[in-house]
Amino acid sequence: MTSPTPQQPQQTPGAQQPEHPTEPADVPQQAPASPAPQEPEPYEETRIERAIGRGFRYATGRALAPYQTALIRIGFSATWLLFLLREWPHRAVLYGPDSPWSLDMARRLLGGNHAFSVLPWSDGRGWFEGVYLLAIVAAALLMLGWRTRTMSVLFMVGVISLQNRSIFIGDGGDNVIHLMSMYLVLTRCGQVWSLDARRAKRAADGADGAASRDLPGVILWAVLGLALAVAQVGGNYGLSWFDNGPFPHIGWSLVLWGLWATHGLWWAVLRYAPGEPRVVLDTVAKLAHNGALLVIMVEVCLIYATAGWYKIQGSRWQDGTAVYFPMHLDYFSPWPALSELLGGNGVMIMLITYGTVIVQVAFPFTLSNRRLKNVLLVVMICEHLSIAILLGLPFFSLAMITADAVFLPTNFLTWLSARLSGLRERLFSRGGPARPAGDDPDTRTEHSGGGHTLVG
């Protein structure tokens, strides 16, 4: 039996035929074509994100204040060097075996306050003489800027070893040198005004083909690593890994070995991996430099702020007579006639007393005003010079003037560098044409960008 043939629908007269025949109902309809994907709208950074980005680029883009950190390096190393040379005849009484503060007493004190010193490692006089001589050599080489990364570590070890041996004979200047010696380790203080900068310039000009090998640096690094290993194996005092160090849960062994390994890694990356690893290490080094520079500036502000506010609480500073008394002490009167001349003028005593307090309290609040900051900076430097002359405290004054140098204007330091370079050219050119002072390449570095900052 056959199926009936389906009847076709009749067309209504005048009706229009569809362009396409109607598809059966059981045939699925084709999905309409999806529209073309639209490009995502560009992401707009918020104000906070832009500020964070600018801050990160500022902190890692370049090592800030190369001239200020170089001046700090020269100033503190020269101050410590001059002090060690002046006390050379008395070194055994101050820090050595002839000291009233015996080595056994020093060991018990160091065991209680957990300070670090290499002098307790041996009772022999030869060991003390070697440490004292090493401190002198390290200070001299750091001042000249020879192997500043290595010399800054040896300078730090020499300073804290001698000062922690006899902590009762120091003054405020010694405390400043003690702190700054540790901060200098983290700074790139040899960018200018150093033998390292001169060697780097010669290597960049192609005048020193052996600069990439750096054989003296490799030998120095190996010798210091061997010496540290011998001291570590011998179980000497203070060489712990995670206790009694400069930071919580970080011992001096970890710090010294970390610095030694970092110096070796830096040399290896510069020689064998000049690409991305070098960029990463350079960024970390710039970040450490700028962080240490910030700590130095904050430290100087704290010194003046605490000193000024402490003076305000004293009755002699309140009535304006505090400066009178040290000027009439024989111990602090290297020039009795000059001290008597100033100390006999009541108005001058009052002005110096109140002026000292005002300058010390106001200085941290003037950093945002560059001109006012520079004026107070000159006043404070003059104040320390007067302390050196009138009270006979040259090393304290040199230490504080060097600490103040972190805020000196960059324009002034570059101008000074150009003048000194021009003078050097005229003295040592041997009849050749002198290079214009403003065109001295030693006064220009890739890190001395424009703009004004806290230190400039």
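What counts and what doesn't
- Residues numbered from 1 in each chain as written.
- Predicted model: local features only at pLDDT ≥ 70, side-chain atom pairs only at ≥ 80, totals over all residues.
- Heavy atoms only, no water.
- Helix = DSSP H or I, 4+ residues; strand = E, 2+ residues; numbered from the N terminus.
- Buried < 20%, exposed > 50% of the residue type's maximum accessible area, 1.4 Å probe, protein only.
- Contact = heavy atoms within 4.5 Å.
- Areas by Shrake-Rupley, 256 points an atom, 1.4 Å probe, with all protein chains shown as cover.
- Axes fitted to C-alpha atoms, helices over the stretch in contact; angles between N-to-C directions.
- Parallel < 35°, antiparallel > 145°, perpendicular 65-115°, else oblique.

Looking at the overall build of the chain
So, point 1. Tallying secondary structure elements over the chain gives 18 helices and 0 strands in all.
So, point 2. The buried share of the chain, taken over its 456 residues, is 37%.
So, point 3. Within the chain, residue pairs in contact and separated by at least 24 positions form 72% of the contacts whose partners lie at least 6 positions apart.
So, point 4. Total accessible area on the chain is roughly 27,200 Å²; 65% of this is exposed by carbon and sulfur atoms.

Remarks on unusual backbone geometry
So, point 1. In the Ramachandran plot, His-114 falls in the positive-phi region, its phi being about 60° despite a non-glycine side chain.
So, point 2. Relative to the assigned elements, His-114 resides in the loop between helix 4 (103-113) and helix 5 (125-144).
So, point 3. A residue is classified by how much of its surface remains accessible, and His-114, at 39% relative accessible area, is partly exposed.
So, point 4. Backbone geometry at His-249 places phi at a positive 65°, although glycine is not the residue there.

Points about the side chain of Asn-164
So, point 1. Assignment of secondary structure puts Asn-164 in helix 6 (residues 148-165).
So, point 2. Ignoring sequence-local partners within four residues, the contact set of Asn-164 consists of Leu-110, Ala-115, Phe-116, Ser-117 and His-178.

Section: the packing of helix 2 (residues 66-86) against helix 17 (residues 394-404)
So, point 1. Taken N-terminus to C-terminus, the directions of helix 2 and helix 17 make an angle of 170°; their axes are 9 Å apart at the nearest point. As summarised for this structure, helix 2 and helix 17 are arranged roughly antiparallel, according to the angle between their axes. In contact with Leu-71, Ile-72, Gly-75, Phe-76, Thr-79, Leu-82, Phe-83 and Arg-86 of helix 2, helix 17 contributes Phe-395, Leu-398, Ala-399, Thr-402 and Ala-403.

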